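Here is how the chains run, residue by residue.
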Amino acid sequence: DTLLQGIDGNNIVGGYRDASLSHIHAVLYNGSTWRTLNPPGATSGTAYGIEGNNIVGSYSDSTGSHGFLYNGSTWTPLDYPKAGAYNTYAYGIDGNNVVGRYRDGSGYHTFLYDGTTWTTLDYPGGNSTYAHGIDGNRIVGSYRDSDTTSHGFLYNGTTWTTLDYPGSIRTAAS
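Below or above, wherever it landed, is the structure these notes cover. Remember, predicted model here, so these are calculated numbers, not experimental data.

Estimates place the volume of the largest pocket at around 180 Å³. For the lining of the largest pocket, the secondary-structure elements that each account for two or more residues are strand S1 (2-8), strand S5 (44-51), strand S9 (88-94) and strand S13 (128-135). Across the lining of the largest pocket, the residue classes tally to five nonpolar, six polar and no charged.

So, in structure tokens, the structure goes:
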């Protein structure tokens, strides 16, 4: 299995399942060469976003799931402070800003991390919010409403806008 998630120029990131079928590994493809990316201590991982030399994703180890930022030489774990013993996933990167989701006792929440400060971003009235991409101050993703129906969103740093394909019954959420 190969699942590709992000692209920047000729570089593509994602994950693949190894021959044992029990582990998924993050991968970088530069147009001619494949490179497996394994954060230290990881039992599995997937890369979701890339910008320049910076790659974000998530990995699992004996303590749970963590986000990561990899700059080509250094691995930085990304664990949302409020996630506690739960999980953090990093999906998108733009400059110093990383977006993703974390889970706590009340469900899934979107985060924005600027390299110093963690900010929770929950769609107003939504049950769970999932950020998948960022460009400048605009963040896209999906949320579930009180009926657990999924909707797309665009957040511009101030205003939340629901984006549903005309006539769709549900918008994909992960």
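Looking now at the pattern of salt bridges. In this structure the tally under the stated criterion is two salt bridges. Linking Asp135 and Arg138 is a salt bridge whose minimum nitrogen-to-oxygen distance equals 3.1 Å. The class of Asp135 is partly exposed, set by a relative accessible area of 45%. A relative accessible area of 42% means that Arg138 is categorised as partly exposed.

Turning our attention to the sheet that holds strand S10 (residues 97-104). Taking strand neighbours across the sheet as the criterion, the four strands line up as S9-S10-S11-S12 in an open arrangement whose pairing is antiparallel. Of all strands in the sheet, those with a lone pairing partner are S9 and strand S12 (118-121), marking the two edges. Going across the sheet, the axis of each strand differs from the next one's by a mean of 30 degrees, ignoring polarity. Where strand S11 (residues 107-113) lies against S12, four bridges are found, and the strand directions are antiparallel. Residue pairing in the sheet places Phe111 in a bridge with Thr120 of S12.

Moving on, we come to the sheet that holds S5. Pairing is antiparallel in the open sheet, where four strands are placed in the order S5-S6-S7-S8. Of all the strands in the sheet, just S5 and strand S8 (75-78) have a single pairing partner and so form its edges. Pairs of neighbouring strands in the sheet enclose a mean axial angle of 25 degrees, with direction left out of account. Here strand S7 (residues 64-70) pairs with S8 via four bridges, running antiparallel. The partner of Leu69 across the bridge, within S8, is Thr76.

A word on the pairing of S11. Within S11, five of the seven residues are buried, which leaves the element mostly enclosed by the surrounding structure. Between the end of S10 and the start of S11, which pair antiparallel, lie two residues. Between the antiparallel neighbours S11 and S12 lie four residues, among them Gly115 with a positive phi of about 100 degrees.

Ranked by size, the top nonpolar core spans 11 residues in total: Val56, Leu78, Tyr80, Ala83, Ala90, Ile93, Val98, Tyr102, Phe111, Tyr113 and Trp118. Those elements giving two or more residues to this core turn out to be S9, S10 and S11.

Next up on the list: the environment of Tyr108. Tracing the backbone through its elements, the reader meets Tyr108 in strand S11. Note: C-alpha distance between Tyr108 and Tyr143 (35 residues apart in sequence) is 9.4 Å. Excluding its chain neighbours within four sequence positions, the residues that come into contact with Tyr108 are Arg101, Tyr102, Arg103, Asp122, Asn127, Ser128, Thr129 and Tyr130.

With respect to the element layout, Ser65 can be found in strand S7. For the pair Ser65 and Asn87, spaced 22 residues apart in sequence, the C-alpha to C-alpha distance is 5.0 Å. Within polar-contact distance, the side chain of Ser65 engages the side chain of Ser60 at 3.2 Å.

How each quantity is defined
- Residues numbered from 1 in each chain as written.
- Predicted model: local features only at pLDDT ≥ 70, side-chain atom pairs only at ≥ 80, totals over all residues.
- Heavy atoms only, no water.
- 1 Å grid on protein atoms, 1.4 Å probe; cavity = no way out; pocket = protein on both sides within 12 Å on 5 of 7 lines; lining within 4 Å.
- Points joined across faces, edges and corners; volume = space filled by probe spheres on them.
- Helix = DSSP H or I, 4+ residues; strand = E, 2+ residues; numbered from the N terminus.
- Nonpolar A, V, L, I, M, F, W, Y, C, P; charged D, E, K, R; others polar.
- Salt bridge = Lys/Arg side-chain N within 4 Å of Asp/Glu carboxyl O.
- Buried < 20%, exposed > 50% of the residue type's maximum accessible area, 1.4 Å probe, protein only.
- Pairing = 2+ DSSP bridges.
- Axes fitted to C-alpha atoms, helices over the stretch in contact; angles between N-to-C directions.
- Core = buried A, V, L, I, M, F, W, Y, C linked by side-chain atoms within 4.5 Å.
- Contact = heavy atoms within 4.5 Å.
- Polar contact = N/O pair within 3.5 Å; in protein donor to acceptor, adjacent residues only side chain to side chain.

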